[in-house]
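Examination of the molecular architecture
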Amino acid sequence: MTTATTTAGPARAATAKPVTMAQALNRALRDALAADPAVHVLGEDVGTLGGVFRVTDGLAKEFGDQRCTDTPLAEAGILGAAVGMAMYGLRPVVEMQFDAFAYPAFEQLVSHVARMRNRTRGALPLPITIRIPYGGGIGGVEHHSDSSEAYYMHTPGLHVLTPATVEDAYGMLRAAIASDDPVVFLEPKRLYWSKAAWPTGEPEPVPPIGRAVVRRPGRTATLVTYGPSLPVCLEAAEAAKEEGWDLGVVDLRSLVPFDEETVAAAVRGTGRAVVVHESSGFAGAGAEIAARITERCFHHLEAPVLRVAGFDIPYPPPMLERHHLPGVDRILDAVGRLQWEEG
Amino acid sequence: MTVLDTPAWRPRTDPAPLLPDAEPYRLLGTPDAARLDDAWLTTLYGQLVRGRRYNQQATALTKQGRLAVYPSSTGQEAAEVAAALALRPEDWLFPSYRDTLSVVARGVDPVEALTLLRGDWHTGYDPRAHRVAPLSTPLATQLPHAVGLAHAARLSGDAIAALAMVGDGGTSEGDFHEALNFAAVWQAPVVFLVQNNGFAISVPLAKQTAAPSIAHKAVGYGMPGRLVDGNDAAAVHEVLAAAVDRARGGGGPTLVEAVTYRIDAHTNADDATRYRDDAEVEAWRAHDPIALLERELTRRGRLDDELRREAADRAEEMAADLRRRMHAEPRLDPMDLFAHVLAEPTPQLREQRALLRAELEAERQS
């Protein structure tokens, strides 16, 4: 099902206006609301305020507060209500205000959202999109910087997506809302203000769910990453040139489904791989990815697959978070440990 | 006039009309029962006798190894049946795990209703066919679903209502609170029926809540609370039907507490003698829902041998059919494990499906 794509996104018109990831997400929601009356946005402060990150800015005004609804402050209630709305044929898009505030909804997610289709032999699909701003790097105080993707990845019955570019933010959110499966859509907070030029004419393409993309081809080692760690990896790959390493970078985009084909093809081409993410390493997403790379590429590997991840500590206070988050140096150190002497 | 008088900080709802009555509302055996017609009472009687037989048969099936477990609603048939009968076909029912009887009374095939407890699949019926949500095992988690569905119906301009069922133990869960709060804020057309049967497995109500009654909790959310004798089928039905009509007509949600008693243990796997006296059970047997109806019908000279026999015969037919069909081995296809996990299965799921297929093929050949 998967095809390796080597692209940095569609060509931009010269007159294109720069937009932020938050604005691209906003545009995706607006276009989805306009395209399908079944789409409903609900969450805390998504209406009048436009969301604490302004991702829902203007939607209540344009589509009315029945289509973009400020709910009571209760995440299990929000997601539970979305289940009922989806049972009635609507396509709810739920906003959880911050990663760590989504935990009260965990039971609804695991016990109902992820299981309803299976439990009812397909009679009750739940096309719900759960948007969750996640990750650190913005100086957030406690409970505002968690990376919770591994919890969701471990739950059968969900898709788990995370965009890393402005273009993907738009296209992947449209794809998530159009999907008949429940999608946990993890938005990297620290990339909300990242910018890209926006085409003035053609609508953005909607990428299929489940395809990784090679952001940078490389010959000597492959960095496998996603979401907030993509820019760090691209920076590391640039810096690695000084060391004589030509690093490729794969952006997973979709953690579930996991695009083994694209990842394996890239790693087979280099024989060395480092998986990079900012969430804690122990039993994290990288453990699964490294295991699968080893299973698929063992005879092509020149070194064990390494992981560079956040420490196994509760998310640190903001003044210390830079020590926790994988940075360029930690990534290059790992690349340096890929047994070059034996290569 | 001070800032304390500004609208956002002032109580917006007069609590008095929301308060439940001090005593559970009753009809059978009271002068008000005169307005009930004989045919309706006869219908309720037949339904309750059938429901009682269903509970007995399902419990028997656990002993015969045909059901993994059965949480009986013996003693609670009045509320179970009334909940189903209070709804129109286009309304939705959201049952908890103890409400199989309600699901059957709503028209779902008894064998399909027992699939969860038999263990051949989780939900055996198509929820859309009868507008019955799956039996919910995690307590109170189905209540927000009922609110969301009712809200969606209202947004769609459809005049329907949802009735959500939960037990006294379930009212301690956070989802109970969140569901009632959302329902009231949204004025969703939903009715919450709490069957207060006195116990959450072994824990009595006094260790569950310090509220004046469960029905009183409604006031805190700004919806009416109704307290009703849960063993009085006519009273429960009247209260629920009025609440459902009110919801359907845009009047908003209602919380109904039906006071009842679980005559059987929590499930066939439970030993109720560890936490309650036989004397208590016997006292409730004297207030049995079928006995209450029989007394009313007797007072009217309507309970003759023919009516009893007809009700018993119909119940026995249902039980015999259930027994026969439950003793047949269910059709199992292990490949179903992969059929409905996702609309778009992951590559990993496809691989695992192929692995299972190969294992099954190897089994067939050996």
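This text goes with the structure placed above it.
Residues numbered from 1 in each chain as written. Chains lettered and ligands numbered in written order. Predicted model: local features only at pLDDT ≥ 70, side-chain atom pairs only at ≥ 80, totals over all residues. Heavy atoms only, no water.

1. Overview of the overall build of chain B
Note the threshold: A helix here means a DSSP run of H or I that spans at least four residues, while a strand means a run of E at least two residues long, and both kinds are numbered starting from the N terminus. Between the two quantities, the radius of gyration covers C-alpha atoms and the globule rule is 2.2 Å times the number of residues to the power 0.38. A simple rule labels every residue: compare its accessible area, found with a 1.4 Å probe on the protein chains alone, to the largest value its type can have, and call it buried under 20%, exposed over 50%, or partly exposed in between. In this description, contact between two residues means that some pair of their heavy atoms is separated by no more than 4.5 Å. Here the Shrake-Rupley method, with its probe set to 1.4 Å, supplies the accessible areas, and only the displayed protein chains count as covering residues.
Regarding its fold elements, chain B presents 15 helices and seven strands. The C-alpha radius of gyration of chain B comes to 22 Å, within 12% of the 21 Å expected for a compact globule of 366 residues. Across the 366 residues of chain B, 53% fall into the buried class. A separation of at least 24 residues holds for 75% of the contacts in chain B among residues at least 6 apart in sequence. Carbon and sulfur atoms form 52% of the exposed surface of chain B, whose accessible area is close to 15900 Å².

2. Quick notes on the nonpolar core
What counts, and what does not: By nonpolar core is meant a set of buried Ala, Val, Leu, Ile, Met, Phe, Trp, Tyr and Cys residues that side-chain atoms within 4.5 Å join together.
Counting residues in hydrophobic clusters, the biggest one holds 84 residues, and the most contacted among them are Leu79, Met87, Ile128, Ile130 and Ile293 of chain A together with Phe192 of chain B. Element by element, the count of residues in this core is highest for helix H3 (residues 75-87) of chain A, at eight residues.

3. Focus: the sheet that holds strand S1 (residues 92-94) of chain B
Residues and elements named next belong to chain B. Where we set the bar: By the convention used here, strands pair only if DSSP detects at least 2 bridges between them. Lines are fitted to the C-alpha atoms to define the axes, a helix being fitted only along its stretch in contact, and any angle between axes, read from their N-to-C directions, falls within 0 to 180 degrees.
The strand order across the open sheet formed by five strands is S1-S2-S3-S7-S6, and the pairing between neighbours is parallel. The two strands at the open ends of the sheet, each matched to only one other strand, are S1 and strand S6 (225-229). Here the strands of the sheet are splayed against their neighbours by 20° on average, with no regard to which way each runs. Note that strand S2 (residues 162-167) and strand S3 (residues 190-196) share six bridges and pair parallel. Within the sheet, the bridge partner assigned to Met165 lies in S3 and is Leu193.

4. Remarks on the packing of aromatic side chains
Heads up, the rule is: Aromatic contacts are taken between Phe, Tyr and Trp rings whose centres are within 6.5 Å, Trp giving its six-membered ring; a plane angle under 30 degrees counts as stacked, one over 60 as edge-to-face, and the others as tilted.
Applying the stated criterion across every chain, the model contains 15 aromatic pairs over all chains. Geometrically, the ring pair formed by Phe106 of chain A and Tyr151 of chain A is edge-to-face, given 6.2 Å between the ring centres and 75° between the ring planes. One end of the pair, Phe106 of chain A, is in helix H4 (residues 106-113); the other, Tyr151 of chain A, is in helix H6 (residues 149-153), and 45 residues separate them in sequence. The interplanar angle of 75° and the centroid separation of 6.3 Å between the aromatic rings of Phe199 of chain B and Tyr261 of chain B together place this pair among those described as edge-to-face. You can see Phe199 of chain B sitting in strand S4 (residues 199-200) and its partner Tyr261 of chain B sitting in the loop between strand S7 (254-259) and helix H11 (278-285), a full 62 residues away along the chain. Grouped by ring-pair contacts, the aromatic residues Phe53, Phe98, Phe101, Tyr192 and Trp193 of chain A constitute a single cluster.

5. Quick look at the layout of surface pockets
What counts, and what does not: Only protein atoms enter the 1 Å grid, on which a cavity is a set of points fitting a 1.4 Å probe that cannot get out and a pocket is an open set with protein on both sides within 12 Å along at least 5 of 7 lines, lining residues being those with an atom within 4 Å of a point. Grid points are joined across faces, edges and corners, and a volume is the space filled by probe spheres set on the points. Think of it as three bins: nonpolar holds Ala, Val, Leu, Ile, Met, Phe, Trp, Tyr, Cys and Pro, charged holds Asp, Glu, Lys and Arg, and polar takes everything else, Gly as well.
Of the pockets and cavities examined, the largest pocket occupies roughly 1000 Å³. Forming the boundary of the largest pocket are 45 residues, of which Ala150, Tyr151, Tyr152, Met153 and His154 of chain A lie nearest the centre. Where the lining of the largest pocket is concerned, the elements lending two or more residues are H6, strand S12 (254-256), strand S13 (273-280) and helix H10 (285-297) of chain A together with helix H15 (347-365) of chain B. Residues that form the lining of the largest pocket fall into these classes: 24 nonpolar, 16 polar and five charged. Taken as a whole, the second largest pocket spans an internal volume of roughly 370 Å³. In terms of lining, the second largest pocket is formed by 17 residues, of which the most central are Ser111, Arg115, Asn118 and Arg119 of chain A together with His122 of chain B. Looking at the lining of the second largest pocket, the elements that each hand over two or more residues are H4 and helix H5 (116-119) of chain A. Each residue belonging to the lining of the second largest pocket can be placed in one class, and the counts come to eight nonpolar, seven polar and two charged.

From the geometry alone we can't say anything about function, so treat these as descriptive.
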